[in-house]
Amino acid sequence: MSVSAVAADSSVCAPLAVLGRDVTVPLVTGGEVTYAALDYAASAPALQRVWDDVAAYAPYYGSVHRGAGYLSQLSTDLFENSRKTVAEFLGCREGDQVVFTRSTTDSLNLLAAALPTDCQVFVFETEHHASLLPWRDARVTYLNAPRTPDEAVQTLERALADRDPYGPALVCVTGASNVTGELWPVRELAAAAHAHGARIVLDAAQLAPHHPVSVAELDVDWVAFSGHKLYAPFGSGVLAGRSDWLRAAEPYLAGGGASRKVARRADGGVDVEWHDSAARHEAGSPNVIGVYSIASACKALTDAGFDELVAREQHLIRTVREGLAEVPQVRILSLFGDDAPRVGVISFVVDGWNSSHFAAALSAEYGIGVRDGLFCAHPLVRTLLGSEPDEPGECGAPEAAPGEKSLNAIRVSFGAGTPDEHVERFVRAVKELVADGARWSYRTEDGRCVPDTGAAA
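As a convention, each chain's residues are numbered from 1 in the sequence order in which they are written. Side-chain atom pairs in this predicted model are given and counted only at pLDDT of 80 or more, local residue features only at pLDDT of at least 70, and totals for whole chains, interfaces and linings cover all residues. Note: side-chain values were computed over all heavy atoms of the structure, leaving out hydrogens and water.

*Asks:* What exactly am I supposed to notice about the side chain of Q97 here?
*Replies:* Position of Q97 among the secondary structure elements: in strand β4 (residues 97-101). Overall, the relative accessible area of 9% leaves Q97 in the buried class. Polar contacts, as counted here, are pairs of nitrogen or oxygen atoms within 3.5 Å of one another; within protein the pair requires one atom able to donate a hydrogen and one able to accept it, and residues that are adjacent in sequence qualify only if both atoms are side-chain atoms. Within polar-contact distance, the side chain of Q97 engages the backbone oxygen of D276 at 2.9 Å. Ignoring anything within four residues of it in the chain, the contact list for Q97 reads L239, A240, G241, S243, L246, R247, D276, S277 and A278. Counting from the N terminus, the helices are the DSSP runs of H or I reaching at least four residues and the strands are the DSSP runs of E reaching at least two. Under the scheme applied here, a residue whose accessible area is under 20% of the maximum for its type counts as buried, over 50% as exposed, and between as partly exposed, the area being computed with a 1.4 Å probe on protein chains only. Working rule for contacts: check all heavy atoms of both residues, and any pair within 4.5 Å makes them a contact.

*Asks:* In this structure, what is going on with the packing of aromatic side chains? I would like to understand it.
*Replies:* Here a ring pair, both rings aromatic, is described through the centre-centre distance and the interplanar angle of the planes. Here a pair means two rings of Phe, Tyr or Trp (six-membered ring of Trp) with centres within 6.5 Å. Their orientation is stacked below 30 degrees between planes, edge-to-face above 60, and tilted elsewhere. Enumeration over the complete set of coordinates arrives at ten aromatic pairs. Linked through ring pairs, F348, W353, F358 and F426 together constitute an aromatic cluster. Either the NZ atom of lysine or the CZ atom of arginine qualifies as a charge over a ring when it sits within 6 Å of the ring centre and within 35 degrees of the ring normal. The ring of Y366 carries R439 above its face, with NZ or CZ at 5.1 Å from the centroid.

*Asks:* I tried to follow the sheet that holds strand β7 (residues 169-174) on my own but got confused; where do I start?
*Replies:* Two strands in a sheet stick together by hydrogen bonds in their backbones, pointing the same way (parallel) or opposite ways (antiparallel). Strands are treated as partners if at least two bridges between them are detected by DSSP. Strand order in the open sheet formed by seven strands is β4-β10-β9-β8-β7-β5-β6, with mixed pairing between adjacent strands. Of all strands in the sheet, those with a lone pairing partner are β4 and β6 (139-143), marking the two edges. Looking at each pair of strands side by side, their axes are set apart by 20 degrees on average, direction ignored. The sheet strands contacting helix α3 (residues 104-113) are β4, β7, β8 (199-203), β9 (222-226) and β10 (237-241), and the helix crosses β9 at an angle near 150 degrees. Axis lines are fitted through C-alpha atoms, for helices just across the contact stretch, and the angle between N-to-C directions can take any value from 0 to 180 degrees.

*Asks:* What is the right way to read empty space enclosed by the protein from this model?
*Replies:* By rolling a water-sized probe across the atoms, one finds the places where empty space is left. Cavities and pockets are defined on a 1 Å grid built over the protein atoms alone: a cavity is a set of grid points where a 1.4 Å probe fits but cannot escape, while a pocket is an open set with protein on both sides within 12 Å along at least five of seven lines, and lining residues are those with an atom within 4 Å of any such point. Grid points are joined across faces, edges and corners, and a volume is the space filled by probe spheres set on the points. Here the structure, examined in full by the defined rule, presents two cavities of 30 Å³ or more. The volume enclosed by the largest cavity comes to roughly 40 Å³. Surrounding the largest cavity, Y40, A41, A44, Q206, P209, H210, K229, Y231 and F414 form its lining. Taken together, the residues of the lining of the largest cavity sort by class into six nonpolar, two polar and one charged. Here the second largest cavity defines a volume of roughly 30 Å³. Lining the second largest cavity, in full, are L309, R312, E313, G415 and A416. Classes in brief: Ala, Val, Leu, Ile, Met, Phe, Trp, Tyr, Cys and Pro nonpolar; Asp, Glu, Lys and Arg charged; the others, Gly included, polar. Residue classes in the lining of the second largest cavity are distributed as two nonpolar, one polar and two charged.

*Asks:* Looking at this model, I keep getting lost on unusual backbone geometry. Mind explaining?
*Replies:* Residues other than glycine predominantly adopt negative phi, and peptide bonds predominantly adopt the trans conformation. The phi angle at D118 is positive, at roughly 65 degrees, despite the residue not being glycine. With respect to the helices and strands, D118 occurs in the loop between α3 and β5 (120-124). Even without glycine at this site, D219 takes up a positive phi of about 60 degrees. You can see D219 is positioned in the loop between α7 (215-218) and β9.

*Asks:* Sorry, what's going on with the packing of helix α10 (residues 306-325) against helix α13 (residues 420-436) here?
*Replies:* When two helices pack together, their arrangement is given by the angle between their axes and by how far apart the axes lie. Interhelical geometry of α10 versus α13 gives an angle of 10 degrees and a closest axis separation of 9 Å. By the criterion of interaxial angle, the relationship of α10 to α13 is roughly parallel. Where α10 abuts α13, its residues R312, H315, L316, T319, V320, G323 and L324 lie against D420, V423, E424, F426, V427, V430 and K431. Residue classes in the contact of α10 with α13 are distributed as seven nonpolar, three polar and four charged. Each angle is binned into one of four classes, with values under 35 degrees roughly parallel, values over 145 roughly antiparallel, values of 65 to 115 roughly perpendicular, and all other values oblique.

*Asks:* What should I look at first to understand the pairing of strand β14 (residues 345-350) in this one?
*Replies:* Among the six residues that make up β14, six are buried, leaving the element largely enclosed by the rest of the structure. The two faces of β14 match: V345, S347 and V349 on one face and I346, F348 and V350 on the other face are all buried. Inspection of the sheet shows strand β13 (residues 330-332) paired to β14 by three bridges, in the antiparallel sense. Considered in β14, the bridge of V330 is made with V350.

*Asks:* How should I be thinking about the nonpolar core in this particular structure?
*Replies:* When a protein is soluble and globular, its nonpolar side chains tend to lie buried together. Among buried residues, those of type Ala, Val, Leu, Ile, Met, Phe, Trp, Tyr and Cys that are joined through side-chain atoms within 4.5 Å constitute a nonpolar core. Counting residues in hydrophobic clusters, the biggest one holds 81 residues, and the most contacted among them are V86, L90, L156, L202, F225 and V238. Sort the elements by how many residues they give to this core and helix α9 (residues 288-304) lands first, with eight residues. Those residues within four positions of L202 in sequence are excluded, and the remaining contacts are V173, T174, G175, V186, L207, V213, L218, V220, W222, V223 and A224. Among the nonpolar cores identified, the runner-up in size contains 34 residues, and V330, A359, V434 and W440 belong to it.

Laid out in structure tokens, this is it:
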């Protein structure tokens, strides 16, 4: 299935089992309700299968690569087999490297540190800050937000045509927006980059949990993603792709594991021979459990079948979008329009509501967890809201009080573990809040909108 394909199959599978699916939370209006986790774009709950795999391995935990004992050898095999599993999950080519990192942000900063001298980087203003900001030592060209996939390709082609064709260049692009959920034309952008002698890295943090990602089929040079968005615990990530720039770069971190040989010189200094493999950028004791959890999640998603998962997610997307379309006061944010293929990430604003106030009411009165703010994609959200660059607004910490206008939006996101009831409850809650208002009073505390304890509306 291509990145831009939308499943036509109307059948849906059952949600995958995730941790926290039976957790109950208190409501300010009294009683408790099962928590509806609809903030998958920030961090998806861990799959129960992943947690079970980690728990089964935990008693055998050991340090990797340098131990002769049984547990160390077992852990080393598990660590390196996890690398193979991730390579298969990503459809890596022969010779590609899989480097384990802490997150997508860490992966892209690693690649930024490995750029050749005088490399020029091209990045759309629509990117998450993890893709927008790491390129501090490079010449960066920021591209305006396109309004169609074709415009995205044309914008990139014009920018690349104007560059110095003899220097190295890198394009960084998301696979699915963390704000709108819209899928980007990755294959076409990769073709444009390569036609102009540039390389391309895919930020798949929001794409990999929802769609199959193949480095070979998309013809990207690198792909980066995070475990905590792929139904694995926090603290692990991946950078996978071409090895030449990574082998030529100084190690991301200097220390044990990255070095093959260290010797004193006659003059008192130290000579170091660094590894050429992925270990070059994995200094220190690695996060073995985090790496194993990513591999377990890759296997779980593959076994579940992406066709079925995509079909079910499209069903949830339709439920939310059709429900919100029935509320005239709601405006869904979009770059490419209503018909654009997308994953389960939807951002919107509500006329007459401060976004933080609305999100707080969803949580306190309905037990629904969403996100409000600028979603660490400030330029994109400002563009979508039609704001001036200097208007106030913060990522996740709006200062406006309930009832005041704020430069922020509300984001609902879901995935393979989301029950139908959660999105149906969300749609009902939006309609009730818009029609009847909040049932409780709220105040601003430390930049967040919170229920005013003991004071009903």
